[in-house]
Amino acid sequence: MTPISFEFYPPKSDEQRAQLDRAAKRLGAHAPEYVSCTFGAGGSTLSYTSETVRHLHQQHGFDAAPHLSCVGGTREEIRELLRLYRAIGCRRIVALRGDLPSGMGHPGDLRYAAELVELIRADHGDHFRIEVGAYPETHPQADSAVADLRHFKTKVDAGADAAITQYFYNADAYFRFVDDTRALGVDVPIVPGIMPISNYAQLRRFSEACGAEIPRWMDKRLQGFGDDAKAVREFAADAVAALCRRLVAGGAPALHFYTLNLARPTEAVLQRLG
Ligand code: FAD
């Protein structure tokens, strides 16, 4: 069976906490290998991530991995967080550069995720399994696709154990990315990040921000459903399940679902995959 993992974001209100608990409970029934919790650059969200990781571990029994982005932080702040994660029992970290919120001046001590991976390895040896981000459709700020591939290799060479991709709906982009990285000598597992779809407008917003392409045929179909949420859900679950089948048949080692703290869209895909 293909291993799966789920990504959650840290809730900030009682209502959001209840939503996360409902999603974690339902999705936990699908026996994920681990779950991860996102991280927002810039202060207050630091504690939300660590609290949520602790909660997912202690209340739901998951192997829970914090995302840790280095942008905006000092080396000492990052080191302190790593010690905290180690103390609460984490064995995995998703190591990222992150994006500075607009208006936040200080870029921090580390410029790229590769430097964060180096720091984690220098301070903690092999204690943490480190996952890094990968971009089959090229990171939006990269100078070129080739430069982005080279930087990805640097990040893996710094000590990453595996990568999780940005979401995409074009399986060929993933296969090509894997082939290109293998040609450069990268041999770590590259796990596709899968974004189930529940809301077309929200998907458009996310995709514009992170540079993920919605293929024209999907975009037109989703747009055409207008306010018919049920039609969107059914079509999207079929399309995303078909993508997952193709990825697994083509050798994807696992699937990582961006749940947005909702059980239903991810479950609809998993049900179709049997
Ligand atoms: P890097 O690998 O550092 O790359 C960033 C850019 O810099 C790329 O364009 C790369 O080509 C370029 N680059 C790298 N090294 C060099 C170099 N030496 N010289 C010149 N250019 C270089 N964001 C969050 O804020 N919180 C999260 O929880 C979060 N979770 C994520 C989870 C996954 C699986 C993924 C794929 C992304 C996630 N992101 C998250 C988004 C991520 O932080 C952004 O995409 C960010 O812009 C890049 O992070 P990175 O770790 O991939 O950066």
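You'll find the structure just up there.
In this report, the structure presented in the accompanying data block is examined. What you see is a predicted model, and the numbers here were worked out from it, not measured in a lab.

**Some points on the sheet that holds strand E3 (residues 64–69)**
Hydrogen bonds between backbone groups are what pair the strands of a sheet, and the pairing can be parallel or antiparallel.
Right, on to step 1. Taken together, eight strands build a closed barrel; the order of strands is E1-E2-E3-E4-E5-E6-E7-E8 and the barrel is parallel. The average undirected angle you get between the axes of adjacent strands in this sheet is 30°.
Right, on to step 2. Bridging between E3 and strand E4 (residues 92–96) involves three bridges; their strand directions are parallel. Bridging from a neighbouring strand, histidine 67 pairs with valine 94 of E4.

**A few points about unusual backbone geometry**
Right, on to step 1. Its identity as a non-glycine residue notwithstanding, alanine 31 has a phi of 50°, on the positive side.
Right, on to step 2. Within the secondary structure, alanine 31 is located in the loop between helix H1 (14–28) and strand E2 (34–37).
Right, on to step 3. Judged by relative accessible area, which is 55%, alanine 31 ranks as exposed.
Right, on to step 4. Of note, the phi angle at leucine 260 is positive, near 55°, even though the residue is not glycine.
Right, on to step 5. Structurally, the position occupied by leucine 260 is in the loop between strand E8 (255–258) and helix H10 (264–273).

**Focus: the pattern of salt bridges**
Right, on to step 1. Tallying each qualifying case throughout the model produces 18 salt bridges.
Right, on to step 2. Across the pair aspartate 161 and arginine 121 runs a salt bridge, and its minimum N-O distance is 2.7 Å. One end of the pair, aspartate 161, is in the loop between helix H5 (145–157) and strand E6 (162–167); the other, arginine 121, is in helix H4 (residues 113–124), and 40 residues separate them in sequence.
Right, on to step 3. Taking relative accessible area as the criterion, arginine 121 reaches 16% and is therefore assigned buried.
Right, on to step 4. For aspartate 172, the salt bridge goes to arginine 246, with nearest N and O atoms at 2.8 Å. Placement of aspartate 172 in helix H6 (residues 171–183) and of arginine 246 in helix H9 (residues 229–249) is noted, with a sequence separation of 74 residues between them.
Right, on to step 5. Salt bridges linked by common partners bring Glu33, Asp63, Arg92, Arg129 and Glu131 together as one network.

**Some points on the environment of lysine 153**
Right, on to step 1. On the secondary structure map, lysine 153 appears in helix H5.
Right, on to step 2. In this structure, the C-alpha to C-alpha distance between lysine 153 and glutamine 223, residues 70 residues apart in sequence, is 37 Å.
Right, on to step 3. Beyond its immediate stretch of four places on either side in the chain, lysine 153 contacts Leu184 and Val186.
Right, on to step 4. Of the polar contacts made by the side chain of lysine 153, one reaches the backbone oxygen of leucine 184; its length is 3.5 Å.

Procedures and definitions
The numbers attached to residues start from 1 for each chain and follow its sequence in the written order. Predicted model: local features are reported for residues with pLDDT of at least 70 only, side-chain atom pairs are reported and counted for 80 or more only, and whole-chain, interface and lining totals are derived from all residues. Computation of side-chain values: all heavy atoms of the structure, hydrogens and water removed. Two strands are said to pair when DSSP picks up at least two bridges between them. Going along the chain from the N terminus, every DSSP run of H or I of four or more residues is numbered as a helix, and every run of E of two or more is numbered as a strand. Between the N-to-C directions of two axes lies an angle of 0 to 180 degrees, each axis being a line fitted to C-alpha atoms and, for a helix, fitted only over the stretch in contact. Working definition: with a 1.4 Å probe on protein chains only, accessible area under 20% of the residue-type maximum means buried, over 50% means exposed, and in between means partly exposed. Here a salt bridge means any side-chain nitrogen of Lys or Arg lying within 4 Å of a carboxyl oxygen belonging to Asp or Glu. Any pair of residues with heavy atoms lying within 4.5 Å of one another is described as a contacting pair. Polar contact criterion, stated in full: a pair of N or O atoms within 3.5 Å, where within protein one must be able to donate a hydrogen and the other to accept it, and residues adjacent in sequence count only if both atoms are side-chain atoms.

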